[in-house]
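In case you want the letters, here they are:
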Amino acid sequence: MADVGVWYNQLPRFTRYWLTATIAASLGSRFGILPFHYVYLSRRLVLGEWELWRCLTSLVVYPLTSATGFHFLINCYFIVQYSGRLEKDQFNRSPADYLYMQLVISAMAVIGGLIFNVSFLMDILVVAVTYVWCHLNKDVIVTFWFGSRFKAIYLPWILAGLELVFHGSVASLIGIFIGHLYYFLKFQYPQDLDGGNFLETPRILKRFAPDVSGGMSGFGVPPANRNNQPSPGGFTSNWGRGNILGR
């Protein structure tokens, strides 16, 4: 238990908050502490009955059953790996920028969920954050099923294709769209196309989570230039062996 506590405390701050909220809320719904019929996202109930709290609960509650429990664990693993690495490596000097990314992606996930009638948004959030990590580390090699290896940039599309074929779900495709929109507005448009920074972090978040020695780590040049730098051995993961993202 001591080792688990050390591991948990070593998680980056907002990744730890996200993981904790998701596990606590999902278990609370599973055991009836949070009534299930009050937590899912519904276009009719949100826009018609103004039950706005569903926009928040649908972000952190996952419908745990005997059939979905393993997928929930896979999503938690993705949070630890990709959100944790993103916050620790790319956003380590500016936690407020990472927090703002989460808020922007969450808001877009709610909009996407309302449009496409997705009741629970964990899959969308996980894939969106994974997409951002993969594009900021596009040349890193990841390991997938049966030892197959490929560049990280292809990972979200492979996950979305598998989920669509085997489960008929578009959640991963929505997550890819949201992740790409954030990546484009945050990095490509201002850096590659000399456009304005539409996703500049509000000052109130900077006061809540001040920069560490200033600025965002490693973001002084466009992503394309950063990703041309050789990776120190690449990143491999065992999650892909027999596991499909999606219900």
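Numbers given for residues are sequential positions, taken from 1 along each chain in its written order. Only residues with pLDDT of at least 70 get local features here, since the model is predicted, and only at 80 or more are side-chain atom pairs given and counted; chain-wide, interface and lining totals rely on the full set of residues. With hydrogens and water stripped out, all remaining heavy atoms of the structure feed into the side-chain values.

Topic: the overall build of the protein
Our working rule: By the criteria applied, helices consist of DSSP H or I runs no shorter than four residues and strands consist of E runs no shorter than two, each listed in order from the N terminus. Between buried and exposed lies partly exposed: a residue is buried under 20% and exposed over 50% of the maximum accessible area for its type, with that area taken using a 1.4 Å probe on protein chains only.
Along its length, the protein carries 11 helices and 2 strands. The N-to-C order of helical and strand elements in the protein reads α-α-α-α-α-α-α-β-β-α-α-α-α. Residue burial in the protein is summarised as follows: out of 247 residues, 50% are buried.

Observations regarding the environment of L86
To keep things clear, this is the line we draw: In what follows, residue pairs with any heavy atoms lying within 4.5 Å of each other are defined as contacts.
The topology assignment puts L86 in helix α5 (residues 69–90). Sequence spacing of L86 and P12 is 74 residues, and the spatial spacing of their C-alpha atoms is 9.4 Å. The contacts of L86, once residues within four sequence positions are left out, are F91, Y98, M101, V129, V132, W133 and L136.

Things to note about helix α7 (residues 122–136)
Filter applied, for reference: By this rule the span expected of a helix is its residue count minus one, scaled by 1.5 Å.
With 15 residues, α7 ought to run about 21 Å at 1.5 Å a step, and its terminal C-alpha atoms sit 22 Å apart, in line with that. With respect to burial, α7 is a largely interior element, 15 of its 15 residues being buried.

With respect to the UniProt feature "transmembrane region" (unreviewed entry) in the protein
We apply this condition: UniProt positions are given in the numbering used here, feature names are shortened, and annotations may be inferred rather than shown by experiment.
Mapped onto the present numbering, the UniProt feature "transmembrane region" (unreviewed entry) falls at residues 17–40, 52–80, 100–133 and 165–185. As annotated, residues 17–40 comprises 58% helix and 0% strand, and the C-alpha atoms at either end are separated by 20 Å. Taken end to end, residues 100–133 has its terminal C-alpha atoms 15 Å apart, with 85% of it in helix and 0% in strand.

Things to note about unusual backbone geometry
In the Ramachandran plot, W50 falls in the positive-phi region, its phi being about 60° despite a non-glycine side chain. By the secondary structure assignment, W50 is in the loop between α3 (43–48) and α4 (54–60). Residue classification places W50 among the exposed positions, given a relative accessible area of 61%. Of note, the phi angle at N117 is positive, near 55°, even though the residue is not glycine.

Here we look at the side chain of S58
Threshold: In the analysis that follows, any N or O atom pair within 3.5 Å is treated as a polar contact, provided that within protein one partner can donate a hydrogen and the other can accept it, and provided that, for residues neighboring in sequence, both atoms belong to side chains.
Examined against the element boundaries, S58 turns out to sit in helix α4. For S58, the side chain forms a polar contact with the main-chain oxygen of R54, separated by 2.7 Å. Residue contacts for S58: discarding those within four places in its chain leaves V39, Y40, L41, S119, F120, L121 and M122.

Let's talk about the environment of S213
Mapping S213 onto the fold places it in the loop between α10 (203–208) and α11 (223–227). Assessed through its relative accessible area of 73%, S213 is described here as exposed. Measuring from C-alpha to C-alpha, the distance between S213 and S94 comes to 8.6 Å, with 119 residues separating the pair along the chain.

Describing the nonpolar core
Which entries qualify depends on this criterion: Nonpolar cores are built from buried Ala, Val, Leu, Ile, Met, Phe, Trp, Tyr and Cys residues. Side-chain atoms within 4.5 Å join them into one set.
Core analysis: the largest hydrophobic core is formed by 59 residues, its most contacted members being L86, M101, I105, L121, I124, I178 and Y182. Those elements giving two or more residues to this core turn out to be α2 (13–30), α4, α5, α6 (95–116), α7, α8 (155–167) and α9 (171–192). Sorting elements by how many residues they give to this core places α6 first, with 11 residues. Apart from the residues within four sequence positions on either side, I178 is in contact with I105, M108, A109, I124 and A128.

Quick notes on the confidence of the model for the protein
Quick note on the threshold: For every residue, the predictor assigns a confidence score, pLDDT, that lies between 0 and 100.
Overall, the prediction assigns the protein a mean pLDDT of 84, with 85% of residues at 70 or greater. Summarising per-element confidence for the protein, the mean pLDDT is lowest in α11 (45) and highest in α4 (97). Within the model, the stretch residues 214–222 combines pLDDT values under 50 with 25 contacts to residues more than four positions away or in other chains. Confidence drops under a pLDDT of 50 for residues 224–247, and excluding neighbours within four residues, the segment shows 65 contacts in the predicted structure.

What to know about the packing of α7 against α8
When two helices pack together, their arrangement is given by the angle between their axes and by how far apart the axes lie. Which entries qualify depends on this criterion: Every angle, taken between N-to-C directions, lies between 0 and 180 degrees, and every axis is a line fitted to C-alpha atoms, over only the stretch in contact when it is a helix. We call two directions roughly parallel when the angle between them is under 35 degrees, roughly antiparallel when it is over 145, roughly perpendicular when it lies between 65 and 115, and oblique otherwise. Under the convention adopted here, Pro, Cys and the residues Ala, Val, Leu, Ile, Met, Phe, Trp and Tyr are nonpolar, Asp, Glu, Lys and Arg are charged, and Gly plus all remaining residues are polar.
Where α7 contacts α8, the two axes come as close as 9 Å, and the packing angle between them is 150°. Compared by their axis directions, α7 and α8 come out roughly antiparallel. In this structure, α7 contributes D123, T130, Y131 and C134 to the contact, and α8 contributes L155, P156, W157 and E163. Taken together, the residues of the contact of α7 with α8 sort by class into 5 nonpolar, 1 polar and 2 charged.

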